[in-house]
Amino acid sequence: MAFTIAIDGPAAAGKGTVGRQLAAHFGYAHLDTGLLYRATGRRMLDGAGAVEAALNLKPEDLKAPDLRTPEVGQAASRVAALPEVRQALIDFQRAFAARSGGAVLDGRDIGTVICPEADVKLYVTASDEVRAARRLAELSSTGHDVTYESVLADLRQRDARDSARAAAPLKPADDALLLDTSKLTIEEAVRRAIELTEARMKK
Ligand code: DC
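Residues numbered from 1 in each chain as written. Predicted model: local features only at pLDDT ≥ 70, side-chain atom pairs only at ≥ 80, totals over all residues. Heavy atoms only, no water.

With respect to the site of the ligand
Taken together, the neighbourhood of the ligand is formed by 14 residues, with R38, R86, R108, D162 and R165 sitting nearest. In the environment of the ligand, a nitrogen atom lies 3.0 Å from a nitrogen or oxygen atom belonging to the side chain of D109. Take R165: an N or O atom from its side chain is 2.9 Å from an oxygen atom of the ligand. When isolated, the ligand has an accessible area of 450 Å², and the protein chains bury 98% of it. Broken down by secondary-structure element, the contributors of at least two residues to the shell around the ligand are α2 (34-45), α4 (70-79) and α8 (148-164). It is α2 that contributes the most residues to the shell around the ligand, 3 residues altogether. Class assignment for the residues of the shell around the ligand results in 3 nonpolar, 4 polar and 7 charged. (Near = heavy atom within 4 Å. Polar contact = N/O pair within 3.5 Å; in protein donor to acceptor, adjacent residues only side chain to side chain. Areas by Shrake-Rupley, 256 points an atom, 1.4 Å probe, with all protein chains shown as cover. Helix = DSSP H or I, 4+ residues; strand = E, 2+ residues; numbered from the N terminus. Nonpolar A, V, L, I, M, F, W, Y, C, P; charged D, E, K, R; others polar.)

Structural data, given as structure tokens:
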């Protein structure tokens, strides 16, 4: 049976962690759709045209080592504002969502555009300061030399661009369930996401 869980929210809110663990709990496949935009942004930084890059993405492009850097995140946010880039990535995401074993997708427009019929929609948020602190810890642990202030500014700039764009802007779907992870540990956030999903499954 195809059961789809759509997770959206601003940068570094915990979508990826919640999505991965939710998928593991239910035995579903997980797609971090931000990686599609990051891989496209990476190729644009290398000199490729953004639309061309999106149309020709290969599975191995999603495994490039430096996709998580702030520089690639900004490039991803810029290419993500182009309707042709978004269009080029739609079919892959929808096919992933429709797989028979169940799927969890996280991104910015999953509940609103990619999977408006998703069985469960979560909108995961956290305060700017908490998100910046988490992203700083993540980047520092992987050897990146960044400051709290630069990470906070980077997140705010990306969120502003992702929310203001005309094509599939970041926003909660009307029927999304809100999950604010500001005061939650990872375990608590995942447990809450499982509870919200199970409540929907019973309906
Ligand atoms: O989730 P992330 O931070 O890795 O995403 C990087 C950028 O990609 C983000 O700033 C906006 C874009 N993005 C998008 O527009 N739509 C998605 N479904 C996922 C990511």
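Section: the layout of surface pockets
By volume, the largest pocket is sized at about 690 Å³. For the largest pocket, the lining is made up of 37 residues, of which A12, K15, G16, R68 and R135 are closest to its centre. Of all the secondary-structure elements, those providing two or more residues to the lining of the largest pocket are α1 (15-26), α2, α4, β3 (103-107), α7 (128-141), α8 and α9 (186-202). No other element matches the 5 residues that α1 contributes to the lining of the largest pocket. Tallied by class, residues from the lining of the largest pocket come to 12 nonpolar, 10 polar and 15 charged. Considering only enclosed or pocket space, the second largest pocket measures out at about 190 Å³ in volume. Forming the walls of the second largest pocket are L36, A54, L55, L57, K58, P59, L62, A88, L89 and F92. (1 Å grid on protein atoms, 1.4 Å probe; cavity = no way out; pocket = protein on both sides within 12 Å on 5 of 7 lines; lining within 4 Å. Points joined across faces, edges and corners; volume = space filled by probe spheres on them.)

Some thoughts on empty space enclosed by the protein
If a probe the size of a water molecule is rolled over the atoms, the empty space left behind becomes visible. Here the structure, examined in full by the defined rule, presents 1 cavity of 30 Å³ or more. Volume-wise, the largest cavity comes out at about 30 Å³. What lines the largest cavity is simply D8, G111, K121, L122, Y123, A173 and A176. Tallied by class, residues from the lining of the largest cavity come to 4 nonpolar, 1 polar and 2 charged.

Here's the deal with the pattern of salt bridges
Applying the stated criterion to the full structure yields 15 salt bridges. Its salt-bridge partner being E138, residue R135 comes within 3.5 Å of it at the nearest N-O pair. Taken together, the residues R135 and E138, both in helix α7 and 3 residues apart, mark about one turn of the helix. The exposure class of R135 is buried, given its relative accessible area of 15%. For E138, a relative accessible area of 38% corresponds to the partly exposed category. Salt bridges linked by common partners bring D128, E129, R131, R156 and D159 together as one network. (Salt bridge = Lys/Arg side-chain N within 4 Å of Asp/Glu carboxyl O. Buried < 20%, exposed > 50% of the residue type's maximum accessible area, 1.4 Å probe, protein only.)

Remarks on the sheet that holds strand β1 (residues 4-8)
Here we have 5 strands laid out as an open sheet, ordered β2-β3-β1-β4-β5, and parallel in their pairing. Of all strands in the sheet, those bounded by a partner on one side alone are β2 (29-32) and β5 (177-180). Neighbouring strand axes in the sheet, compared pairwise and without regard to direction, differ in orientation by 20 degrees on average. Of the strand pairs in this sheet, β2 and β3 are connected by 4 bridges, and their pairing is parallel. Among the inter-strand pairings, D32 is bridged to a residue of β3, identified as D106. Packed onto the sheet, helix α5 (residues 83-97) meets β1, β2 and β3 and runs at close to 145 degrees relative to β3. (Pairing = 2+ DSSP bridges. Axes fitted to C-alpha atoms, helices over the stretch in contact; angles between N-to-C directions. Contact = heavy atoms within 4.5 Å.)

As for the nonpolar core
Core analysis: the largest hydrophobic core is formed by 20 residues, its most contacted members being I5, I7, L22, Y28 and L122. Top element by residues in this core is α9. It accounts for 5 residues. When neighbours within four sequence positions are excluded, I7 is seen to be in contact with K15, V18, G19, L22, V104, L105, D106, G107, I110, L122 and V124. Within the second largest apolar cluster, 12 residues are counted, among which are L31, F96, A103 and L105. (Core = buried A, V, L, I, M, F, W, Y, C linked by side-chain atoms within 4.5 Å.)

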